[in-house]
Amino acid sequence: SQVIDIGRPVIVALTMMDLARKKGISVDIKRMESMLSVPVVPVNPRKNKGMELLYETISRVRSQQKASSPKAFIPVASMAPE
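Computed from a predicted structure; not experimentally measured.

**Quick notes on the side chain of T57**
Next up, step 1: If you trace the backbone, T57 turns up in helix α4 (residues 51-63).
Next up, step 2: We classify T57 as buried; its relative accessible area is 4%.
Next up, step 3: Sequence-distant contacts of T57, defined by excluding residues within four places in its chain, comprise I11, P39 and V41.

**Considering the pattern of salt bridges**
Next up, step 1: Enumeration according to the criterion identifies 1 salt bridge in this entry.
Next up, step 2: For the salt bridge of E33 with K30, the shortest nitrogen-to-oxygen distance reads 3.6 Å. Within this pair, E33 and its partner K30 are both found in helix α3 (residues 29-36), separated by 3 residues, close to a single helical turn.

**Regarding the layout of surface pockets**
Next up, step 1: Its boundaries defined by the atoms lining it, the largest pocket holds a volume of some 180 Å³.
Next up, step 2: Along its surface, the largest pocket is lined by T15, M16, D18, L19, V43, N44, P45, R46 and K47.
Next up, step 3: A breakdown of the residues in the lining of the largest pocket according to their chemical character gives 4 nonpolar, 2 polar and 3 charged.

**Examining the nonpolar core**
Next up, step 1: The biggest cluster of nonpolar side chains holds 8 residues, and these are I4, V10, L14, M17, I29, L36, V38 and V40.
Next up, step 2: Those residues in contact with I29, other than ones at most four positions away along the chain, are L14, M17, V40 and P42.

**Some remarks on the environment of S63**
Next up, step 1: With respect to the secondary-structure elements, S63 resides in helix α4.
Next up, step 2: Among the polar contacts listed, one links the side chain of S63 to the backbone oxygen of R60, at a separation of 2.9 Å.

**Concerning a positive patch on the surface**
Next up, step 1: Side chains of R21, K22, R46, K47 and K49 sit close together on the surface and give a patch of like positive charge.
Next up, step 2: Tracing the backbone shows K22 in helix α2 (residues 17-22).
Next up, step 3: Judged by its relative accessible area of 71%, K22 falls in the exposed class.

Conventions and cut-offs
- Residues numbered from 1 in each chain as written.
- Predicted model: local features only at pLDDT ≥ 70, side-chain atom pairs only at ≥ 80, totals over all residues.
- Heavy atoms only, no water.
- Helix = DSSP H or I, 4+ residues; strand = E, 2+ residues; numbered from the N terminus.
- Buried < 20%, exposed > 50% of the residue type's maximum accessible area, 1.4 Å probe, protein only.
- Contact = heavy atoms within 4.5 Å.
- Salt bridge = Lys/Arg side-chain N within 4 Å of Asp/Glu carboxyl O.
- 1 Å grid on protein atoms, 1.4 Å probe; cavity = no way out; pocket = protein on both sides within 12 Å on 5 of 7 lines; lining within 4 Å.
- Points joined across faces, edges and corners; volume = space filled by probe spheres on them.
- Nonpolar A, V, L, I, M, F, W, Y, C, P; charged D, E, K, R; others polar.
- Core = buried A, V, L, I, M, F, W, Y, C linked by side-chain atoms within 4.5 Å.
- Polar contact = N/O pair within 3.5 Å; in protein donor to acceptor, adjacent residues only side chain to side chain.
- Patch = residues over 30% accessible without salt bridge, like charges linked within 9 Å, V, L, I, M, F, W, Y side chains within 5 Å.
- Areas by Shrake-Rupley, 256 points an atom, 1.4 Å probe, with all protein chains shown as cover.
- Lys, Arg positive; Asp, Glu negative; His and termini not counted.
- Charge placed at Lys NZ, Arg CZ, Asp CG, Glu CD.

Pasting the structure below:
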């Protein structure tokens with residue numbers, strides 16, 4: 001969240017989805033993307049799953065002229081001394 005707060009481009013590479021699934025845990029990727037306002041890509045690097053989509057997402061985000069403005073977790077501007 002701190003990287004998002006300073007306005008840097010962020011991509012969440014979500015790992016361990018296979019373990020979560022085995023434990024009956026479901027992750028709503030689209031909702032997570034909406035809440036964080038950044039791309040979320042499920043990956044399993046050991047099995048090389050999702051890596052191509054991650055690389056494509058990295059390329060797309062890097063090529064954007066203007067970084068998106070994700071919502072801040074902490075209102076940093078309001079914390080500045082006057």
